[in-house]
Amino acid sequence: MTDILTIVLGAGEGTRMKSETPKVLHKVGGRPMIGHVLAACAAAGATVRHVVVGPNHDHVRDYAKSVDSHITSSIQAERLGTGHAVMAAREAWQDFQGNVIVLLADAPLVSPDVIEDAIASLNAGADLTVVGFQTPEPFGYGRILVEHGQVKAIREEKDATPSERKIKFCNSGIIGFKAECLRTVIDEIKNDNVQGEFLLTDAIEIANAKGLKVRSVECPFVTVLGINDRGQLAEAERIFQQARRARFMKEGVTLVAPETVFFSYDTQIEKDVIVEPNVVFGPGVSIEKGAHIQAFSHLEGAHVGPAGQIGPYARLRPGTNLAAGVKVGNFVETKKAEIGEGAKLNHLSYIGDAKVGKATNIGAGTITCNYDGKNKFVTEIGDNAFIGSNSALVAPVTIADGAYVASGSVVTENVEKDALAIGRARQVNKENYAARIRARWEDKN
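The rules behind each value
Residues numbered from 1 in each chain as written. Predicted model: local features only at pLDDT ≥ 70, side-chain atom pairs only at ≥ 80, totals over all residues. Heavy atoms only, no water. Helix = DSSP H or I, 4+ residues; strand = E, 2+ residues; numbered from the N terminus. Buried < 20%, exposed > 50% of the residue type's maximum accessible area, 1.4 Å probe, protein only. Contact = heavy atoms within 4.5 Å. Lys, Arg positive; Asp, Glu negative; His and termini not counted. Salt bridge = Lys/Arg side-chain N within 4 Å of Asp/Glu carboxyl O. Phe/Tyr/Trp six-rings, centres within 6.5 Å; stacked < 30°, edge-to-face > 60°. Patch = residues over 30% accessible without salt bridge, like charges linked within 9 Å, V, L, I, M, F, W, Y side chains within 5 Å. Areas by Shrake-Rupley, 256 points an atom, 1.4 Å probe, with all protein chains shown as cover. Charge placed at Lys NZ, Arg CZ, Asp CG, Glu CD. Pairing = 2+ DSSP bridges. Axes fitted to C-alpha atoms, helices over the stretch in contact; angles between N-to-C directions. Parallel < 35°, antiparallel > 145°, perpendicular 65-115°, else oblique. Left-handed = near helix turned anticlockwise from the far one by under 90°. Nonpolar A, V, L, I, M, F, W, Y, C, P; charged D, E, K, R; others polar.

Novice: How should I be thinking about the environment of T412 in this particular structure?
Specialist: With respect to the helices and strands, T412 occurs in the loop between β34 (410–411) and β35 (420–421). Looking at T412, the relative accessible area reads 51%, which means it is exposed. Sequence-wise, T412 and C369 are 43 residues apart; in three dimensions their C-alpha atoms are separated by 9.8 Å. With near-sequence residues (within four places) excluded, T412 lies in contact with V394 and V397.

Novice: Would you mind showing me how to read the side chain of R31 here?
Specialist: Along the chain, R31 turns up in strand β3 (residues 31–32). The buried charged residue R31 lacks any salt bridge partner; its closest oppositely charged side chain belongs to D266, at an N-O distance of 7.1 Å. Excluding residues within four positions of it along the chain, R31 makes contact with H26, H36, A39, Y63 and Y265.

Novice: Which parts of the structure should I look at to understand the pattern of salt bridges?
Specialist: Here the idea is simple: oppositely charged side chains can pair when their charged atoms come close. Counting across every chain of the model gives 17 salt bridges. The closest approach of N and O atoms between R315 and E333, which form a salt bridge, is 3.7 Å. Here the residue R315 occupies a position in strand β21 (residues 315–316), and E333 occupies one in strand β24 (residues 333–339), the gap between them amounting to 18 residues. Overall, the relative accessible area of 42% leaves R315 in the partly exposed class. The network of salt bridges with shared partners includes D58, R61 and D62.

Novice: Quick question: what am I supposed to make of the packing of aromatic side chains here?
Specialist: Pairs of aromatic rings are described using the distance from one ring centre to the other and the angle between the two planes. Throughout the structure, instances matching the rule amount to eight aromatic pairs. Taking the centre distance of 6.1 Å and the plane angle of 75 degrees together, the rings of Y141 and F221 count as edge-to-face. A residue pair is termed long-range when its members are at least 10 positions apart, and Y141 in the loop between β7 (128–134) and β8 (143–147) and F221 in the loop between β11 (214–218) and α9 (230–250) qualify at 80 residues. Centre to centre, the rings of F248 and F263 are 4.7 Å apart; their planes meet at 45 degrees, and the pair counts as tilted. With F248 in helix α9 and F263 in the loop between β12 (254–255) and β13 (268–269), this pair connects stretches of sequence that are 15 residues apart.

Novice: So what exactly am I meant to see when it comes to a positive patch on the surface here?
Specialist: A surface patch of positive charge is lined by K430, R436, R440 and K444. Position of R436 among the secondary structure elements: in helix α10 (residues 433–444).

Novice: Any chance you could explain the pairing of strand β6 (residues 99–104) here in plain terms?
Specialist: For a regular strand, the rule is simple: side chains alternate between the two faces of the sheet. Most of β6 is tucked away: five of the six residues are buried. Two elements, strand β1 (residues 4–10) and β6, share six bridges in a ladder whose sense is parallel. Bridge pairing in β6 links L9 to L104.

Novice: Would you take a moment to explain the packing of helix α1 (residues 33–43) against helix α5 (residues 112–123) for this structure?
Specialist: To describe two helices that pack against each other, one gives the angle between their axes and the distance between the axes. Two elements in contact, α1 and α5, have axes whose closest approach is 8 Å; the angle formed by their N-to-C orientations is 50 degrees. The orientation of α1 with respect to α5, classified from their angle, is oblique. Both α1 and α5 take part in a crossing whose hand is right-handed. Side by side, α1 and α5 meet where A40, C41 and A43 of the first sit next to P112, I115 and E116 of the second. Classifying every residue of the contact of α1 with α5 by side-chain character gives five nonpolar, no polar and one charged.

Novice: What am I meant to see in unusual backbone geometry here?
Specialist: Excluding glycine, residues mostly carry a negative phi; peptide bonds, for their part, are mostly trans. Geometrically, the link from G311 to P312 is a cis peptide bond, its omega value of 5 degrees lying close to zero. With respect to the helices, strands and loops of the structure, P312 is situated in the loop between β20 (309–310) and β21. Omega for the bond connecting A395 with P396 falls within 30 degrees of zero, at 0 degrees, which places this linkage in the cis form. Here P396 lies in the loop between β31 (392–394) and β32 (397–399). The residue F296 is not glycine, and still its phi comes out positive at about 60 degrees. Mapped onto the elements of the fold, F296 is located in the loop between β17 (292–293) and β18 (298–299). Here the phi dihedral of N432 falls at roughly 60 degrees; this positive angle occurs in a residue that is not glycine. Here N432 is to be found in the loop between β35 and α10.

Novice: I keep staring at a nonpolar patch on the surface and nothing clicks. Help me out?
Specialist: A surface patch of nonpolar side chains, amounting to about 430 Å² of accessible area, comprises F296, Y313, F331 and L348. Secondary-structure assignment places L348 in the loop between β25 (344–347) and β26 (350–356).

Below, the structure is given as C-alpha cells:
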C-alpha cells in the first residue's frame, strides 16, 4: 500500500472573520474547521498528517496535537501563497515516498471520499491530480482547463479569456502529487505575478512542461465549500446540520421538528429515540435506544441510557451518565453525575459531583452543595432513597440505601441506611401575629 501524506494549509489570518480567533479554529458542528479536515484525512487512510500554521498561531498547532500527538506542523512565517506554504512544509515531504495530498483547513465539509478519489487517480498513473467541482456560477473560481484528459492549467478569473470563463469545472484547492513530482516542480514555482505570491496551481503548467501526467477528479461543490466570513460559516453549519438530521432519521431516530435540532460532529443516537423541538446536542453526547429527549433541552458530554426521559428544559452537563430508565425533568441541571437505573430527578434541581443509586427519588428544589469556593466534593446517595423537596445536601456527604431526607432539610452529616434525616429548625407558630402585622400596615396607611 502506498503511503499517504496529507498537508493541511491553515496559516491564513482570516481577516474577514473579524475575530481574534484564528479562522480555522472557528467551529462547525462543535468541532474546529481544521479538525474536520484532519479527521477526513485520517479516514481516507493518511499515514502522515502535517499542518502548516501561521506565526503566532500556537493555538492551531496545539489543537492539531490534541487531535493526534503524531500530527506534525511547520510555520509559514510570511503568507506568500499556497505554493509558499507547501515549501514551508518541506521537512514533511522532502524524504517522503508515496502520495502527497494538499488540502485547505478552511473547507470543513471535505469528505474522505474526495481525498480517496485523488489518491486513486495518483495510484492509477497520474503524477499530479487536481480536484475540481462543477458549478453553474463559476465567477471568481479558477477554471480547470482540460484537453484530452490532460489538465493543462488552472486559469484565474482575471486572467481567463471569454471562452475560458464559460468553463464550469473549477478548482477546489485540493491538489495531489506523487512525492517525486512535488519535489520536481515545487522549486520552479515563481512569484512573478500581480499578487507577488507563489501559487501552487502553477505546478500544473510546470508539470506539463516536463511531460508529466496531470489529471483531474470531480467532487460535489458542497464538500469543498471554503469559509472566509461568518456568513459562509453559517452556511457550512446549515449544510452540516441538514446532513446529520437526515442521517439520524434514516437510522431510526424520530426528530419531531428536524430543523430545530442541532447536533455535534460526534453525537451518537440509537434507533427509536424521540427528539422533540429545540434540542441542542453539544460535543460528547450518546443516547441509547428508546430514550425520549423533550423540548428545549441542552446536552453536552452526557450519556443517556435506554428508555431515559429528559426534559423539557433539562440541562445535562459534561460527566453526566444516566442508567436505564432515568427521568431528568424540567429545569434540572446535572454535572459529573452518575445516576442509577430508574432514578427520578423530576424538576427544579441541581445534581453535581454526585452518585445517585437505583430507584432513588430526588425532590423538587434539591441541590448538591458541591463547591466550597475552592474545592469540589462528592455527594453519594444510595438505592431507593428519598430526598424531600427543597433539600440542600452539603458535600462531602453520604446518604445510604433507603434513607429518607425530610423536605426543607440541610444535610451536613452522613445518613444511615433506612434512617430519616430532618435537617431543619423546628417550626414556631405565633398566634394572631399575622393579624398584628396587617393592623400595623393599616395604621401606616
